[in-house]
Amino acid sequence: MSTDFQQARETLGAGLRELRTEAGLNGKEFAEALGWQRSKVSRLENGKQTATTTDLEAWARAAGAHEASGELRGRLRGLETTYRSWRRQLAGGHRALQEANAVQEMEAETVHLFESGIIPGIFQTPDYARGVLTDVSNRIGSPSDVEEGVRARMKRQEALYQPGHHFHALIWEGALHVVRCSPESMIAQLDRLAGLIGMDTVTIGIVPLGVRTPFSPKHGFWIIDERLVIADTWNAEVWLDSSEEIAFYVKLRDQIRNSAVFGHQAHRLIGRARAHLSPT
C-alpha cells in the first residue's frame, strides 16, 4: 500500500541518491566512505528505511555537500510527522479509507492501541460503526457512503481471526459510556466487546475511572509492529516513524497498561457501563 508517508520517504531517498551521484561515487564507494554496509545506502535511497538526523549529516559530508544538510533535516522533519487531515483522507469516501486500514492491519503482526473516547473500529458492531461514520460524514462533510464504509469496517475484523496477528487494546473506561448509537445498539456493542476478552488474538485492558495515573487520556493511538505510530486528533491522523517518537509511545503504552485491568475485572467494568444503559 503506497501511503503519503512512504512517498515522502522515497522522495527523500531520491534526493540522497542525487547527492551521491553528483559526488561521482557508486553505492559501494559511498558506503565505504561512510563506513556503512552497502545495503544501508540502498535502503535509504530506495525509501526502505528512514534516515536519522545523524545519517543525513554524514551523507552530506561524504557527498561533499555540507550545505545540503539543513534541507535534508527539514525533509526528515516533514517525514517523521506526516499529517493527514480527515477531510482529505475521506475525500474518496469511507469505504476506501476502511479498505486501506484493513490492508495495514492484515500486514501487521502486532498492533497495540489505545482509545479514550470510542470503542476501537476493529471491535465495532455494525450499528455502532454506522453511528460513528454517520457522525463523521456530518461533521466533516465527506461523502456519505456510510453503508459501504460499515461493510468495509466489518471486513477489517477478519484480521482478528487470522493466526499470526495479535491486537493489544487499552480502552479508557469513559469510552464505554460514550453513546454513539441507540441505547439498545450500545448494549450490543458492549456485549461484543466483552465477548472478545479471552480470544487468542486479542488482549483487552480497561483503565478504570478514578485510578491514579501518570498521564491524561489526550488522544487515541495505534502502534503498528513498533515501526509506526498513528495518533488521532479531531481533524487529522499524525503518522510518526522516528525511533524517538516510537519509543515515547511505547513508554506511554506501558504506563497505560500498568493502570489497566484485564480479564474478569475488565468484564466487570463493561458490565457496569451496560447496567447504566439497562438499569432493569
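Residues numbered from 1 in each chain as written. Predicted model: local features only at pLDDT ≥ 70, side-chain atom pairs only at ≥ 80, totals over all residues. Heavy atoms only, no water.

## What about the side chain of Lys40?
Phase 1 of the analysis: Mapped onto the fold, Lys40 is located in helix H3 (residues 38-45).
Phase 2 of the analysis: What makes Lys40 buried here is its relative accessible area of 18%.
Phase 3 of the analysis: Dropping the residues within four chain positions of it, Lys40 is found in contact with Gln49 and Asp55. (Helix = DSSP H or I, 4+ residues; strand = E, 2+ residues; numbered from the N terminus. Buried < 20%, exposed > 50% of the residue type's maximum accessible area, 1.4 Å probe, protein only. Contact = heavy atoms within 4.5 Å.)

## A closer look at the pattern of salt bridges
Phase 1 of the analysis: Evaluated as defined, the whole model comprises 16 salt bridges.
Phase 2 of the analysis: Salt-bridge contacts for Glu99 lead to Arg95; the nearest nitrogen and oxygen are separated by 2.9 Å. Note that Glu99 and Arg95 are positioned in helix H7 (residues 94-107) at a spacing of 4 residues, about one turn of the helix.
Phase 3 of the analysis: Residue Arg95 is classed as partly exposed on the basis of its relative accessible area, which comes to 45%.
Phase 4 of the analysis: In this structure, Arg272 and Glu173 form a salt bridge, with 2.7 Å as the shortest nitrogen-oxygen distance. You can see Arg272 sitting in helix H12 (residues 263-277) and its partner Glu173 sitting in the loop between strand E3 (166-172) and helix H10 (183-196), a full 99 residues away along the chain.
Phase 5 of the analysis: A relative accessible area of 37% means that Arg272 is categorised as partly exposed.
Phase 6 of the analysis: For Glu173, a relative accessible area of 1% puts it in the buried group. (Salt bridge = Lys/Arg side-chain N within 4 Å of Asp/Glu carboxyl O.)

## Notes on the packing of aromatic side chains
Phase 1 of the analysis: For the coordinates displayed, the defined rule picks out 6 aromatic pairs.
Phase 2 of the analysis: Between Trp36 and Trp59, the ring centres sit 6.1 Å apart and the planes meet at 50°, which makes this aromatic pair tilted. Taken as a pair, Trp36 in the loop between helix H2 (27-34) and H3 and Trp59 in helix H4 (residues 53-62) lie far apart in primary sequence, 23 residues in all. Summarising the burial analysis for this pair, Trp36 and Trp59 share the class buried. (Phe/Tyr/Trp six-rings, centres within 6.5 Å; stacked < 30°, edge-to-face > 60°.)

## Details of the environment of Val111
Phase 1 of the analysis: Looking at where Val111 falls in the secondary structure, it is placed in strand E2 (residues 110-115).
Phase 2 of the analysis: A residue is classified by how much of its surface remains accessible, and Val111, at 1% relative accessible area, is buried.
Phase 3 of the analysis: Considered as a pair, Val111 and Ala58 are 53 residues apart in the sequence and their alpha carbons are 34 Å apart.
Phase 4 of the analysis: Each residue touching Val111, except ones within four places of it in the same chain, is listed here: His166, Phe167, His168, Trp222, Ile223 and Ile224.

## Here's the deal with H12
Phase 1 of the analysis: End to end, H12 covers 22 Å across 15 residues, agreeing with the expected 21 Å (1.5 Å per residue, within 8%).
Phase 2 of the analysis: Considered for burial, the residues of H12 that qualify are Ala266, Leu269, Ile270 and Ala273. What you see down the axis of H12 is that its buried residues fit within an arc of 95°, all on one side. Exposed side chains of H12 directed beyond 90 degrees from the buried face belong to His264 and Arg268. (Expected span 1.5 Å × (residues − 1). Arc of directions from axis to C-beta.)

These values are about where atoms sit, not about what they do.
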